[in-house]
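Residue-level structural notes
So the chains spell out like this:
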Amino acid sequence: MTKTLNKKKPSKPRVSRKHLKWVWPRNGTNWVPYYRVTWIASTGKRKERAIKLNWEGDLKKLDQEYWAADAGRHPAQHKEPKYTWGECIKEWKADKKIQMKLAAGTIKSYNREFNKILSKNADKPMSTTTRAAIRKKHNSMADTPRAADWMLQGVSLLWNYAKNELDWPLGDNPASRMTKYGAQREFPAWPDWLLDALDEAPDTVRIAGGLIRFTGQRPSAAIGMLKSSFKGDWVTVVDEKGDEIFPIYCPERLRKIVEDLPVGPRHVLAKSNTAPLSYSAVEKAFSAWRETLTELAMEHDDVAKKYSLHGLRKRACVELAEAGCSDAEIQAVTGQSLEIVAKYRKEASRKMMSRAAQMKRSE
């Protein structure tokens, strides 16, 4: 005959709190504490919510769990946010219909902007983003108007995608109809006097200038170049916008700059043995050097502040055009679109034709 053993229920713990309730589970062996709150709903019905406190028999841990719940910090009180910026970006990147329609360079530009959003807002619900916050952010980026407008474009694109393609319950696009800074003035090509001054510039500025001018790359790509990109008469360059890598002939002056670099660091402009200087660090050095050229610029009836590192790339294209290079030859160096190349060629051709015309008149 089998005997049924009845275990005696232990006494309820003598711990009392305003919202603490001890429960003996059906088939349980120990009392379980809950943080319980009750209220009367607008319908007049009594409501209750209880949060199980995982105390594991430890009074100290019970205190921690209870006061976390009382302060609204208990894990059970937090729901995973829905319809977040991070989730939207993930869906956008996985949407093959979207990706197939965009050029590789365009996708790269958008991803660069989306990474900025992810860095601070990945887990933030999109619906909590206000128009006032977007306007404030846009205004704070006035010193970089192009980047500011890219920010607006990125926010608007994601919002419309989430609302129209994912059917998320979002309101009006907070970035829509917001005034942009618009197209900025073109970067003027460097004049001769500024190129001559570059030879005496601090090493960081001088080397960066040589890389941009003699490879025709965008400043950010030139600044991050590896020493291993240079092999004999050739140098491998990166077209960031077109997402291409290709070799071009390396002029002797550029080879000389690289050959004179100290052995050790992997990059031409090195922050450490394995990392390059950032664009912002080089830009800061360039701006400081440019400030020293005020009087020299005045001697040439010019203003130093209007010239940028980007203008050195334009100078490279203009030099190639004035040397009589064809559009295809210029493009083979700089990787720019034929439309941009044709524009610089037109400027160079007008200059050369005006000289030829004036010389004929003098004859």
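Up top is the structure these notes are about.
Okay, so let's go over this structure. (Residues numbered from 1 in each chain as written. Predicted model: local features only at pLDDT ≥ 70, side-chain atom pairs only at ≥ 80, totals over all residues. Heavy atoms only, no water.)

If you trace the 3 strands from one edge of the open sheet to the other, you get β1-β2-β3, paired in antiparallel fashion. With partners counted over all chains shown, the strands left at the sheet margins are β1 (20-23) and β3 (46-52), one partner each. Strand-to-strand, the axes of this sheet are offset by a mean angle of 40°, without reference to chain direction. Relative to β3, strand β2 (residues 32-40) runs antiparallel, the two sharing 7 bridges. In the strand pairing of β3, Y34 is matched with K52. Against the sheet, helix α1 (residues 59-70) touches β1, β2 and β3, its axis set at about 20° to β2. (Pairing = 2+ DSSP bridges. Helix = DSSP H or I, 4+ residues; strand = E, 2+ residues; numbered from the N terminus. Axes fitted to C-alpha atoms, helices over the stretch in contact; angles between N-to-C directions. Contact = heavy atoms within 4.5 Å.)

Counting residues in hydrophobic clusters, the biggest one holds 37 residues, and the most contacted among them are W190, L211, F230 and W289. Those elements that provide at least two residues to this core are α7 (192-198), α8 (203-215), α9 (219-223), β5 (234-239), β6 (244-249), α10 (252-259), α11 (279-291) and α13 (309-322). In terms of residue count, the dominant contributor to this core is α8 (6 residues). Every residue in contact with L211, bar those within four places of it in the chain, is listed here: G216, A222, M225, F230, L254, V268 and L269. Within the second largest apolar cluster, 22 residues are counted, among which are W85, L152, V155 and M178. (Core = buried A, V, L, I, M, F, W, Y, C linked by side-chain atoms within 4.5 Å. Buried < 20%, exposed > 50% of the residue type's maximum accessible area, 1.4 Å probe, protein only.)

Below, the discussion takes up the layout of surface pockets. Size it by volume and the second largest pocket reaches roughly 430 Å³. In terms of lining, the second largest pocket is formed by 16 residues, of which the most central are K116, I117, N121, K137 and M151. For the lining of the second largest pocket, the elements supplying multiple residues, two or more each, are α4 (104-121), α5 (131-140) and α6 (145-164). The element best represented in the lining of the second largest pocket is α4, accounting for 6 residues. Taken together, the residues that form the lining of the second largest pocket break down as 8 nonpolar, 3 polar and 5 charged. (1 Å grid on protein atoms, 1.4 Å probe; cavity = no way out; pocket = protein on both sides within 12 Å on 5 of 7 lines; lining within 4 Å. Points joined across faces, edges and corners; volume = space filled by probe spheres on them. Nonpolar A, V, L, I, M, F, W, Y, C, P; charged D, E, K, R; others polar.)

Here the focus is the pattern of salt bridges. Under the defined criterion, the tally for this structure stands at 13 salt bridges. Here R17 ties to D63 by a salt bridge, and the two come within 2.5 Å at their closest N and O atoms. Placement of R17 in the segment before β1 and of D63 in helix α1 is noted, with a sequence separation of 46 residues between them. Its relative accessible area of 26% is what places R17 among the partly exposed residues. (Salt bridge = Lys/Arg side-chain N within 4 Å of Asp/Glu carboxyl O.)

Mapped onto the elements of the fold, N54 is located in the loop between β3 and α1. A relative accessible area of 39% places N54 in the partly exposed class. If sequence neighbours within four positions are ignored, N54 has contacts with K61 and E65.

Tallied over the entire structure, the rule returns 15 aromatic pairs. Here W234 and Y249 contribute two aromatic rings whose centre-to-centre distance is 5.9 Å and whose plane-to-plane angle is 90°, an arrangement assigned as edge-to-face. Note that W234 is positioned in strand β5 and Y249 in strand β6, a separation of 15 residues in sequence. A relative accessible area of 47% means that W234 is categorised as partly exposed. Overall, the relative accessible area of 48% leaves Y249 in the partly exposed class. Ring plane angle 50° and centroid distance 6.0 Å describe the contact between F286 and W289, whose orientation is recorded as tilted. With a gap of 3 residues between them, F286 and W289 both fall in helix α11, about one helical turn apart. A connected cluster of aromatic rings, assembled from ring pairs, spans W92, Y110, F114 and W150. Here the basic side chain of K12 rests over the ring of W31, its NZ or CZ set 5.9 Å away from the ring centre. (Phe/Tyr/Trp six-rings, centres within 6.5 Å; stacked < 30°, edge-to-face > 60°. Lys NZ or Arg CZ within 6 Å of the ring centre and 35° of its normal.)

With 4 bridges connecting them, β1 and β2 associate as antiparallel partners. Bridge pairing links W22 to P33 in β2. A loop of 5 residues connects β2 with β3, the two strands running antiparallel in sequence, and G44 in this loop sits at a positive phi of about 90°.

For helix α15 (residues 338-362), with 25 residues, the first-to-last C-alpha span of 35 Å sits near the 36 Å given by 1.5 Å per residue. Contacts from the buried residues of α15 go to α13 and α14 (327-334). (Expected span 1.5 Å × (residues − 1).)

Below, the discussion takes up the side chain of S229. Topologically, S229 is positioned in the loop between α9 and β4 (230-231). Aside from chain neighbours lying at most four places away, what touches S229 is W234, V235 and T236.

What follows covers the sheet that holds β5. Note: strands within a sheet are paired through backbone hydrogen bonds, in either parallel or antiparallel orientation. The sheet built from 3 strands is open, its strands ordered β4-β5-β6 with antiparallel pairing. One side of each edge strand has no neighbouring strand; the edge strands of this open sheet are β4 and β6.

Positive phi, close to 60°, is recorded for D167, a residue that is not glycine. In this fold, D167 is placed in the loop between α6 and α7.

Below, the discussion takes up empty space enclosed by the protein. For the structure on display, the rule yields 1 cavity of 30 Å³ or more. If you add up the space inside the largest cavity, you get close to 40 Å³. Lining of the largest cavity is provided by 12 residues; of these, Q217, V238, D239, R313 and T334 occupy positions nearest its centre. Where the lining of the largest cavity is concerned, the elements lending two or more residues are β5 and α14. Here the lining of the largest cavity takes 3 residues from β5, the largest share from any one element. Split into classes, the residues belonging to the lining of the largest cavity amount to 4 nonpolar, 4 polar and 4 charged.

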